[in-house]
Structure formats: C-alpha cells, structure tokens
Amino acid sequence: VAYMETLKGEDYRAQPPWYSAMLKGVPEKRGEMIYYRVGCNAGHGARGAGGFPNNNVVGNQIPSLSLVRDGFTREELKQRIALGRRPEPADPAQPAPLDVMPAWGNYLTEDEMEDLITYLYSLRPAEKPNEDWGQ
C-alpha cells in the first residue's frame, strides 16, 4: 500500500491520455480516465464501489464514493482530494488504519481535479420513480 501511494500517476504526466482530442469537452469521461489511471480505483474500487478492507475504521472497509455528491459540495470534495485524508480510528486504543487517502493537490491540475469531481458526482445511482426517502 505504501508503495502504491508513492506512484501518484507519474507515468502519465509527460503526456496525459485524458488530454486526447477524443476526450476534449467530455469532462466526465476525462475524470473517469483520471480516476483509473492515477490509481483512485486501487482504494475505492471500480466505479467507486468501495468495500476494500481497511483495519480499525467504521465498517472495516474503504467507503464507497457512490453518494459523494450528496455529502460534499464540489469545493469540499476538491479540498478532500487535494489534502488527502487519514481516517479516524474506530478504536483509538488499536493500531491506526493502514489505508490512507493520499493528497493529490500537488499532482492534479485544476482542470484535472474538476473533471475528476465531475466523474465522482456521476457515480450517484439514479433515483427510482416515485421513490420517497422521507418514509
């Protein structure tokens, strides 16, 4: 895990594939490519499904990103991605969680960050017709 966190997608900095003419003007697709190419899926899984184990966190798993749109404004999410996050231990008396979210603020450009957020917002499941969450 520590080794994977050091990679930060450097292989793609010279000529990022998400800057191809084919993806120009398609922020969700660019964001999806960034998500997979820089390694977000290594922790958060395919399409942000989560579920990978992490010790001493609530639920013992890395969280899903499918509802990130409901919990974070774009600016809050940008800050979370830029600064990274060390999860709070479920039990402070036990060893700290091994998996931490690395800080991406020095690696992703402003437009890359925006496209990544657009992709993450797209992961929210569609609402079902006549679905009433208030009941």
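**Student:** Sorry if this is basic, but what is going on with the nonpolar core here?
**Tutor:** In terms of nonpolar packing, the biggest core is built from 20 residues, with Tyr35, Val38, Leu77, Ile81, Leu108, Leu116 and Leu120 touching the most fellow members. Among the elements that take part in this core, helix α6 (residues 110–122) stands out by supplying six residues, more than any other.

**Student:** Which parts of the structure should I look at to understand the packing of helix α5 (residues 74–83) against α6?
**Tutor:** Helix packing geometry: the angle between the two helix axes and the distance between the axes. Contact geometry of α5 with α6 gives a least axis separation of 10 Å together with a crossing angle of 115°. Classed by the angle they form, the pair α5 and α6 counts as roughly perpendicular. The interaxial crossing formed by α5 with α6 has right-handed handedness. Here Arg74, Leu77, Lys78, Ile81 and Ala82 of α5 come into contact with α6, specifically with Glu110, Met113, Glu114, Leu116, Ile117, Thr118, Leu120 and Tyr121. Looking at the contact of α5 with α6 residue by residue, the class counts come to eight nonpolar, one polar and four charged.

**Student:** What am I meant to see in the environment of Arg47 here?
**Tutor:** Relative to the elements of secondary structure, Arg47 occurs in the loop between α3 (40–44) and α4 (68–71). Considering only alpha carbons, one finds Arg47 and Tyr36, eleven residues apart in sequence, at a separation of 9.1 Å. With residues up to four places along the chain from it excluded, the contact list for Arg47 reads Tyr35, Tyr36, Tyr119, Ser122 and Leu123.

**Student:** Could you clarify how one ought to interpret the packing of aromatic side chains in this entry?
**Tutor:** Ring pairs (aromatic) are described by centroid distance and by the angle formed between their planes. Enumeration according to the criterion identifies three aromatic pairs in this entry. Taken together, a centroid distance of 5.1 Å and an interplanar angle of 80° make the contact between Tyr35 and Tyr36 edge-to-face. Here the aromatic rings of Trp104 and Tyr107 are separated by 6.1 Å at their centres, their planes lie at 75°, and the arrangement is edge-to-face. Accessibility expressed as a relative area gives 7% for Trp104, which makes it buried. These aromatic residues form a ring-pair network of at least three members: Tyr35, Tyr36 and Tyr119. If you follow Arg74 out to its NZ or CZ, it ends over the ring of Tyr121, 5.5 Å from the centre.

What counts as what
- Residues numbered from 1 in each chain as written.
- Predicted model: local features only at pLDDT ≥ 70, side-chain atom pairs only at ≥ 80, totals over all residues.
- Heavy atoms only, no water.
- Core = buried A, V, L, I, M, F, W, Y, C linked by side-chain atoms within 4.5 Å.
- Buried < 20%, exposed > 50% of the residue type's maximum accessible area, 1.4 Å probe, protein only.
- Helix = DSSP H or I, 4+ residues; strand = E, 2+ residues; numbered from the N terminus.
- Axes fitted to C-alpha atoms, helices over the stretch in contact; angles between N-to-C directions.
- Parallel < 35°, antiparallel > 145°, perpendicular 65-115°, else oblique.
- Left-handed = near helix turned anticlockwise from the far one by under 90°.
- Contact = heavy atoms within 4.5 Å.
- Nonpolar A, V, L, I, M, F, W, Y, C, P; charged D, E, K, R; others polar.
- Phe/Tyr/Trp six-rings, centres within 6.5 Å; stacked < 30°, edge-to-face > 60°.
- Lys NZ or Arg CZ within 6 Å of the ring centre and 35° of its normal.

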